[in-house]
Amino acid sequence: MIANLKASEQHQHKNGGGWIADTASVADTCYVGKHALVYGKAVLTDEVCVVDSAQVSGNAHLSGDVIVSGNCWVSGTTKASTGRIWKNARVVEKQERIR
């Protein structure tokens, strides 16, 4: 589950069982693994695959055959339609995180 959301604000994706915030949009053709998270206003279309403990958030738009894996985090206004983002990568476009 996504720790900072109520159970009523998220659901498991039917293809993989990963957790999706109700504010995000993930196509049924995508795969979200059971430990992966998609939240914020992220949009995933086509055959995007998010696995392992990867996270996609913010206003990220991923499409095509993008694979997000490992312990990486894709956020901000990142847009990608092909390629692999993996290991411990952190991709944040036009957004700065405040801790």
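Residues numbered from 1 in each chain as written. Predicted model: local features only at pLDDT ≥ 70, side-chain atom pairs only at ≥ 80, totals over all residues. Heavy atoms only, no water.

1. A look at the overall build of the chain
Short version of the rule: Elements are defined by DSSP. Helices are runs of H or I of four residues or more, strands are runs of E of two residues or more, and each kind is numbered from the N terminus. Burial classes follow relative accessibility: with a 1.4 Å probe on protein chains only, a residue under 20% of its type's maximum area counts as buried, one over 50% as exposed, and anything between as partly exposed. It only takes one pair of heavy atoms within 4.5 Å for two residues to be counted as in contact. Surface exposure here means Shrake-Rupley accessible area, sampled with a 1.4 Å probe, where a residue is shielded only by the protein chains that are shown. Counted charges follow a simple rule, with Lys and Arg positive, Asp and Glu negative, and His plus the chain ends left uncounted. One atom stands in for each charge, and that atom is NZ of Lys, CZ of Arg, CG of Asp or CD of Glu.
Secondary structure summary: the chain contains zero helices and 14 strands in total. Helices and strands appear in the chain in the N-to-C order β-β-β-β-β-β-β-β-β-β-β-β-β-β. Overall, the C-alpha framework of the chain stretches about 30 × 30 × 20 Å when taken along its three principal axes. By residue count, 42% of the 99 residues in the chain fall in the buried class. Within the chain, counting contacts between residues at least 6 apart in sequence, those at least 24 apart form 4% of the total. Element-wise, carbon and sulfur atoms account for 50% of the exposed surface of the chain, whose accessible area totals about 5700 Å². The averaged location of the 9 negative side-chain charges in the chain is 7 Å from the averaged location of its 11 positive side-chain charges.

2. Considerations on the packing of aromatic side chains
We count it as follows: Whether two aromatic rings pair depends on their centres lying within 6.5 Å, for rings of Phe, Tyr and Trp, where Trp uses its six-membered ring; planes under 30 degrees apart make the pair stacked, over 60 edge-to-face, and the rest tilted. Throughout this description, the term charge over a ring refers to an Arg CZ or Lys NZ atom that lies within 6 Å of the ring centre and within 35 degrees of the ring normal.
Here the structure, examined in full by the defined rule, presents zero aromatic pairs. Of note, R84 hangs over the ring of W86, and the distance from its end group to the ring centre comes to 5.0 Å.

3. Focus: the confidence of the model for the chain
The line we're drawing: The score called pLDDT rates the predictor's confidence residue by residue, from a low of 0 to a high of 100.
In the predicted model, the chain carries a mean pLDDT of 91, and the fraction of residues at 70 or more is 93%. The low-confidence segment residues 95-99, where pLDDT is below 50, has eight contacts with residues more than four positions distant or belonging to other chains.

4. Considering the sheet that holds strand β13 (residues 84-85)
Put simply, the rule is: Strands were regarded as paired on the criterion that DSSP finds at least two bridges between them.
One open sheet accounts for four strands, arranged β4-β7-β10-β13; its pairing is parallel. The sheet terminates laterally at β4 (31-32) and β13, the two strands that pair on one side only. Where β4 lies against strand β7 (residues 49-50), two bridges are found, and the strand directions are parallel. Bridge pairing in β7 links V32 to V50.

5. What about the environment of N15?
Relative to the helices and strands, N15 resides in the loop between β1 (10-12) and β2 (19-21). Placed 34 residues apart in sequence, N15 and C49 show a C-alpha to C-alpha distance of 9.9 Å. Once residues lying within four places of it in the same chain are set aside, the contact partners of N15 are D28, T29, C30, Y31 and V32.

6. Comments concerning the pattern of salt bridges
Filter applied, for reference: A side-chain nitrogen of Lys or Arg and a carboxyl oxygen of Asp or Glu constitute a salt bridge if their distance falls within 4 Å.
In total, this model carries one salt bridge according to the counting rule given. Between D28 and K14 there is a salt bridge, with the nearest N and O atoms lying 3.5 Å from each other. A residue pair is termed long-range when its members are at least 10 positions apart, and D28 in the loop between β3 (25-26) and β4 and K14 in the loop between β1 and β2 qualify at 14 residues. Of the two residues, D28 and K14, both sit in the exposed class.

7. Some words on the environment of G76
With respect to the element layout, G76 can be found in strand β11 (residues 73-76). Owing to a relative accessible area of 0%, G76 belongs among the buried residues under this scheme.

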